[in-house]
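Chain residues, written in single-letter form:
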Protein chains: 2
Amino acid sequence: MDKSTLHHLIDVAAGRVPADLCLKNCRVVDVFNKDLFSADVLITRGLIAGFGGSDFPPAEETFDAKGAYLAPGLIDSHVHIESSHLSPAEFSRLVVPHGTTTVVADPHEICNVCGLEGFDYMLKASKDTALQVFLQVPSCVPCTPFEHAGAVLEAEQIALRLGNPRVLGLGELMNYVGVCAADDCILDKLIVADRFHKLVDGHSPGLFGAALDAYTASGVRTDHECSSPEELEDRVRRGVYVLLRQGTACHDVVNLLPGVKRGNDRFCLFCTDDRQSASLIQEGHIDNNIRLAVSHGLDPITAICMATINAANCYNMPDRGSVAPGRRADLILFEDLDDLRVHHVWVAGKLVAAHGTYLAQDPHVKPEGVSGRMNVRNFSPQRLALPLRSDLARTIRIIPGSVVTEEGRVRVKRDQDGCWVRDEQDVVKIAVVERHKGTGCIGLGLLEGYGLKNGAVATSVAHDSHNIIVAGDNNADMAIAVRQLVEMGGGMAIVHQGRLLGSLPHEIAGLMTDRPGEEVAHRLEELGSIACEVLGVHESVDPFMTLCFMALPVIPKLKITDTGLFDVNAFCTVPVEADD
Amino acid sequence: MDKSTLHHLIDVAAGRVPADLCLKNCRVVDVFNKDLFSADVLITRGLIAGFGGSDFPPAEETFDAKGAYLAPGLIDSHVHIESSHLSPAEFSRLVVPHGTTTVVADPHEICNVCGLEGFDYMLKASKDTALQVFLQVPSCVPCTPFEHAGAVLEAEQIALRLGNPRVLGLGELMNYVGVCAADDCILDKLIVADRFHKLVDGHSPGLFGAALDAYTASGVRTDHECSSPEELEDRVRRGVYVLLRQGTACHDVVNLLPGVKRGNDRFCLFCTDDRQSASLIQEGHIDNNIRLAVSHGLDPITAICMATINAANCYNMPDRGSVAPGRRADLILFEDLDDLRVHHVWVAGKLVAAHGTYLAQDPHVKPEGVSGRMNVRNFSPQRLALPLRSDLARTIRIIPGSVVTEEGRVRVKRDQDGCWVRDEQDVVKIAVVERHKGTGCIGLGLLEGYGLKNGAVATSVAHDSHNIIVAGDNNADMAIAVRQLVEMGGGMAIVHQGRLLGSLPHEIAGLMTDRPGEEVAHRLEELGSIACEVLGVHESVDPFMTLCFMALPVIPKLKITDTGLFDVNAFCTVPVEADD
């Protein structure tokens, strides 16, 4: 803070000079005492000065809250903005009207494609949004050494960004196996974070006992992958803040609530992790976590604390998360504590949303340096042929509603060359086509339980390496879909009997579009309908989101990368043939 | 942390290599869940690794806790070590066996005498003590511009020490009037603290409303001067951590307890502020705050949280305050949650106290550069004569048990030169003799309600400038006492009818002795008895502590400095004569 601002702030608080803005007649949510109090709130130069007095000079501008609740702006403690398929500016436009004013974003997806160039694009593209975006430097790029991603971030690269004041720490340490084994290159990253006195985010589904001790001893201080109250308490006991996640796919809030108690709620936060545009538009953002928790019995002020002061404490952001003198005037107004629906939002004292409408004018940032990342070489339909030594094959068996898969075994039909061909079973081909380095790598396998017939579905959003993933019953349609993605610079495509039925370009790194959220939500819904209605993808399976996770080699059991089928439990590639 | 330590820590947590120490059969106080759990605690290289497992290799050393409670080491969030009259090493020897392992110390007293040399002595003298001493850089040296202290610390000097990793922030901003008025030189200090991202400690007795807003807007984040639950809630509401103080003179814990609630207790801490050696020996340290609070109804685990994790969070010390993997093994063991009596203490995994005995071997640090600070010039008994223009005089009237005074008015007796002489009233002379700069300044006044007859009591511990303060009924005895202090390099002295009845040298800056705590406590008690029994000082008045506060010109109402009588409310010097 500069001296003139500090001087002015004290003068306004003391009533010697007028405030820029007075929010009159507020019922302020006091996150420190877990209480409410009635007050006028004086704001100047983007900061809260104080609560005024009877003999104070009138503010330049007055807003009458008419007794509505005034709370601090909400904080999403862990989100991958890329999962919304939207640019940071568009993400801001969708979430700010719901009351989110700060997010801790891990640009893990775009860094897997573009490395630090992707990181810098996210920094730049969110620099002037109404939404305050803080970043974590991704810790696990690539996710595993078994596949080709667009970049490798070692400790030295991470160190280049950790000093940035908008960087709060090291992103989720997904490689918990490596942490517990004290892998050298992971230790290097942890040491770098420690050197910068920055927080380390965790990701430790199912870890307990000594393994959890080892993981925590490494310095990890958050986790958003808990799925039971016992896991929550186990982590909190070790000084790990637990983030209750409500994403589009992962719904943990209700399951975890029994673990949130008066003794430990200060160590509980909210996050969304991955949330698509349709979910943001239809259900909201962190306000949705709060409503859900409160409707399941959580005290509303505690819920607000979890989305504000607790997050500010965890991530060492002392300038926000409360309605108190000297803090940022990031504020939300609403009528009902039990059903929080935000109708006004201020960021740094500026009204940025009213009744669902975004009022900020964010500058458009061109996706320079991160567009058209489609370096596919040596590709042809013939290269999608899957020759098999035997007719007993493994399948990646989808579990509807889950990102975990099972390993299936089927007797398959082969053509005269010994290559897989479709039969009446619910099995299609799945391929991952490397798109970053022009290696020409293509991984091939079989997918069970997808429902698709007569066509292909493809996307360049495929966690975490984001190569092209395509599922189809014939090589020709699959190849058309892949080529469409290459031509568009990434995105989504559906092909049926040689014809492109629909597509959505993702011109930002092949991960995000530069279009309005509503359009994206609508187009994705449309593509989903085509996939289900025309191609026969099961209604119980989201056609694109399911594919997205089939290439993620850190979630059990069988997955596929550009180097082939991958057994996550055994942590190695395996052949498609199951005659071993 | 270095990489080899991190590697080793993870290996121990995972059970691959033996721990240095295993504390078996502990009932661990879980400050995160406010819960208890039974565990063995593995320690290596001074850190907690984890809680072990059945197939773990045996530790190098095992300590059987036999089911006793294991909690994190206690933290005193605000203390002036100088007030114990002991060196830092001796302070450590007295408080560590009571379970205190970390203190946030404001070396305000020694800095008023020696400036940054005093600060550096405190850093050096506490560098290798078992007690972990963090320092705040004093913000108000001198206390006011109306008197002579030994040093002036401006923003530039403060900046020279704020970067030190053992410095947590800016010490208590006592000049709350200046803060609320946005005084330029105070803003400079606040800006410096902000630049270093360091905390600012507060001191705002009785402030409320807009003044408290202004004070908080300045960035102040703690307060240890609350005396009512309402004051506590008012400060917490503004995001100010409140420290519940139990000093030798100030007893706030019980008064404040009704304000500590389940909603806000995370923002409540404990401190002692000023605590003399006798109190430390007889009652204890932060363990005394806990026992007192628990005996008055506070939940024992909440009380422990206030002395551990809450303080660690407030002062941004993520490496301590809990029994969790990766944190420092600063630990205490005790049998009864409702009456916390610590019997074993580990600091960084080393046993440093057992059953009240200090086991650490701290190196002795010579008080170089801070001894013999007695630069008194142009002094003679004649200079203690108090000529009065009239026989109506103001007195500083003592309120027993308080550091606040009243202004009294008395008709006094004068000699042939018009100078004050003793009569039958309970009024004696009080003088402050400048000792830092050799200015020759002597401030003179009258003290009512002290009880002294026939002699003089003097000390060089006199908040905050620590000039020599002396009370007596005759100039000769007063002068002997002053000269005795000069000769000893500071301390305490009692003179009766021309004879020195007792003294205690304070060879460290005239504020602290280099002797054992037990001896100091005993000698102080002895001196107190002499003052009461021989000189007639009232039993209700501590002879030295009362004098200590008579020179503190920021506590109402009438005080005395080396430049004369000072009206704190009017904030100016006033004549002794009351005929205005």
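Residues numbered from 1 in each chain as written. Chains lettered and ligands numbered in written order. Predicted model: local features only at pLDDT ≥ 70, side-chain atom pairs only at ≥ 80, totals over all residues. Heavy atoms only, no water.

What am I meant to see in the nonpolar core here?
Side chains of nonpolar character tend, in soluble globular proteins, to be buried together. By size, the foremost hydrophobic cluster in this structure holds 395 residues, and its most contacted members are Leu244, Phe270 and Tyr450 of chain A together with Leu244, Phe270 and Tyr450 of chain B. Those residues in contact with Tyr450 of chain A that sit more than four places away from it in its chain are Ile398, Asp426, Val428, Val457, Ala471, Gly536, Val537, His538, Val541, Pro543 and Leu547 of chain A. In this structure, Leu21, Cys26, Ile48 and Ala329 of chain A belong to the second largest nonpolar core, which totals 19 residues. (Core = buried A, V, L, I, M, F, W, Y, C linked by side-chain atoms within 4.5 Å. Buried < 20%, exposed > 50% of the residue type's maximum accessible area, 1.4 Å probe, protein only. Contact = heavy atoms within 4.5 Å.)

Help me understand the relation of the copies chain A and chain B in this model?
The operation relating the two chain copies consists of a rotation about an axis and a shift along that axis. When chain A is fitted to chain B, the residual RMSD is 0.1 Å, and the transformation amounts to a turn of 180 degrees plus an axial shift of 0.0 Å. Given the turn and translation reported, the copies of this chain are related as if by a two-fold rotation axis. Looking at chain A, 100% of its interface residues are interface residues in chain B too, so the copies touch through the same face. (Least-squares fit on C-alpha atoms with pLDDT ≥ 70 in both.)

What is the right way to read the pairing of strand S3 (residues 47-50) of chain A from this model?
A regular strand places its side chains so that they alternate between the two faces of the sheet. Residue and element names in this part refer to chain A. Strand direction decides the pairing type here: strand S2 (residues 35-44) and S3, joined by three bridges, are antiparallel. The residue bridging Thr44 from the neighbouring strand is Leu47, located in S3. As consecutive antiparallel partners, S2 and S3 are separated by two residues, and within that stretch Arg45 has a phi angle of approximately 45 degrees, a positive value. (Pairing = 2+ DSSP bridges. Helix = DSSP H or I, 4+ residues; strand = E, 2+ residues; numbered from the N terminus.)

What's the story with the environment of Asn378 of chain A in this structure? I'm lost.
Assignment of secondary structure puts Asn378 of chain A in the loop between strand S17 (357-358) and strand S18 (392-398). Residues Asn378 of chain A and Thr439 of chain A, 61 residues apart in the sequence, show an inter-C-alpha distance of 8.3 Å.

I'm lost on empty space enclosed by the protein in this one. Help?
Where empty space is left becomes clear once a probe the size of a water molecule has been rolled over the atoms. Overall, the coordinates contain five cavities of 30 Å³ or more when judged by the stated rule. What lines the largest cavity is simply Lys34, Arg262, Gly263, Asp265 and Arg266 of chain A together with Lys34, Arg262, Gly263, Asp265 and Arg266 of chain B. In the lining of the largest cavity, the residues fall into no nonpolar, two polar and eight charged. (1 Å grid on protein atoms, 1.4 Å probe; cavity = no way out; pocket = protein on both sides within 12 Å on 5 of 7 lines; lining within 4 Å. Points joined across faces, edges and corners; volume = space filled by probe spheres on them. Nonpolar A, V, L, I, M, F, W, Y, C, P; charged D, E, K, R; others polar.)

I tried to follow the packing of helix H8 (residues 209-217) of chain A against helix H1 (residues 3-14) of chain B on my own but got confused; where do I start?
The description of two helices packed together rests on the angle between their axes and the distance between the axes. Orientation of H8 of chain A relative to H1 of chain B, taken along the N-to-C sense of each, is 165 degrees, at an axis distance of 7 Å. Taken together, the axis directions place H8 of chain A and H1 of chain B in an arrangement best described as roughly antiparallel. In the packing of H8 of chain A onto H1 of chain B, the handedness of the crossing is right-handed. Touching Ala210, Asp213, Ala214 and Ala217 of chain A of H8 of chain A are Leu6, Leu9, Ile10, Ala13 and Ala14 of chain B, all from H1 of chain B. Grouping the amino acids of the contact of H8 of chain A with H1 of chain B by side-chain chemistry returns eight nonpolar, no polar and one charged. (Axes fitted to C-alpha atoms, helices over the stretch in contact; angles between N-to-C directions. Parallel < 35°, antiparallel > 145°, perpendicular 65-115°, else oblique. Left-handed = near helix turned anticlockwise from the far one by under 90°.)

Sorry if this is basic, but what is going on with the interface of chain A and chain B here?
Interfaces are often sized by the accessible area lost when the parts come together. Each partner contributes to the interface: chain A provides 60 residues, whereas chain B provides 60 residues. Counting each side, the surface lost to burial between chain A and chain B is near 4,800 Å², with a carbon and sulfur contribution of 54%. Ionic pairing is found between Asp35 of chain A and Arg237 of chain B, a salt bridge with its closest N-O pair at 3.7 Å. Taken together, the connections running from chain A to chain B amount to 22 residue pairs in polar contact (both at pLDDT 80 or more). Contributions of two or more residues to the side of chain A that touches chain B are made by helix H1 (3-14), S2, S3, helix H6 (176-180), helix H7 (184-195), H8, helix H9 (229-237) and helix H14 (309-314) of chain A. (Buried area = accessible area lost by both parts, 1.4 Å probe. Salt bridge = Lys/Arg side-chain N within 4 Å of Asp/Glu carboxyl O. Polar contact = N/O pair within 3.5 Å; in protein donor to acceptor, adjacent residues only side chain to side chain.)

Got a minute to help me understand the side chain of His436 of chain A in this structure?
Within the secondary structure, His436 of chain A is located in the loop between strand S22 (427-433) and strand S23 (442-448). Discounting chain neighbours no more than four positions away, the residues touching His436 of chain A are Asn112, Val113, His148, Ala149, Gly150, Asn375, Ser465, His466 and Asn467 of chain A.

Just checking my understanding: could you explain the environment of Val294 of chain B for this structure?
Residue and element names in this part refer to chain B. Summarising the element assignment, Val294 is placed in helix H12 (residues 286-295). Its relative accessible area of 11% is what places Val294 among the buried residues. Sequence-wise, Val294 and Leu340 are 46 residues apart; in three dimensions their C-alpha atoms are separated by 9.1 Å.

What is the right way to look at the sheet that holds S23 of chain A in this model?
Whether parallel or antiparallel, the strands of a sheet pair through hydrogen bonds between backbone atoms. Residue and element names in this part refer to chain A. Within the open sheet, the eight strands sit side by side as S19-S18-S23-S22-S25-S24-S26-S27. Their pairing is mixed. This sheet does not close on itself; its edge strands, each paired only once, are strand S19 (405-411) and strand S27 (499-505). Direction aside, the axes of adjacent strands within the sheet are offset by 25 degrees on average. Relative to strand S25 (residues 468-472), S22 is paired through five bridges, and the arrangement is antiparallel. Within S25, the residue paired with Val432 across the bridge is Ile469. Its contacts with the sheet place helix H15 (residues 475-488) against S22, strand S24 (456-459), S25, strand S26 (491-496) and S27, and it is angled at close to 150 degrees to S26. Against the sheet, helix H17 (residues 543-550) engages S18, S19, S22, S23, S24, S25 and S26, with an angle of about 60 degrees to S24.

Mind showing me how you'd approach the confidence of the model for chain A here?
Averaged over all residues, the pLDDT of chain A is 96; the fraction at 70 or higher stands at 100%. Both scores are available for the predicted complex, with the pTM at 0.96 and the ipTM at 0.95. (pLDDT = per-residue confidence, 0-100.)

I would appreciate a short explanation of the pattern of salt bridges in the present structure.
Any two side chains of opposite charge can pair if their charged atoms end up close together. All names here are of chain B. What the rule picks out here adds up to 71 salt bridges over all chains. Put simply, Asp265 and Lys34 hold a salt bridge, and the shortest N to O gap is 2.9 Å. Of the two residues, Asp265 sits in the loop between helix H10 (253-256) and strand S13 (268-271) while Lys34 sits in the loop between strand S1 (21-30) and strand S2 (35-44), which places them 231 residues apart along the sequence. The partner of Arg422 in a salt bridge is Asp473, and the shortest N-O contact between them spans 3.3 Å.

Can you help me understand the packing of aromatic side chains in this one?
For the coordinates displayed, the defined rule picks out 16 aromatic pairs over all chains. For the ring pair Phe146 of chain A and Phe566 of chain A, a centre distance of 5.0 Å and an interplane angle of 50 degrees mean the geometry is tilted. Here the residue Phe146 of chain A occupies a position in the loop between strand S8 (132-137) and helix H5 (155-162), and Phe566 of chain A occupies one in strand S29 (residues 564-567), the gap between them amounting to 420 residues. The exposure class of Phe146 of chain A is partly exposed, given its relative accessible area of 30%. Looking at Phe566 of chain A, the relative accessible area reads 0%, which means it is buried. Ring plane angle 85 degrees and centroid distance 5.4 Å describe the contact between Phe146 of chain B and Phe571 of chain B, whose orientation is recorded as edge-to-face. Of this pair, Phe146 of chain B sits in the loop between strand S8 (132-137) and helix H5 (155-162) while Phe571 of chain B sits in the loop between strand S29 (564-567) and strand S30 (572-573), placing them 425 residues apart in sequence. (Phe/Tyr/Trp six-rings, centres within 6.5 Å; stacked < 30°, edge-to-face > 60°.)

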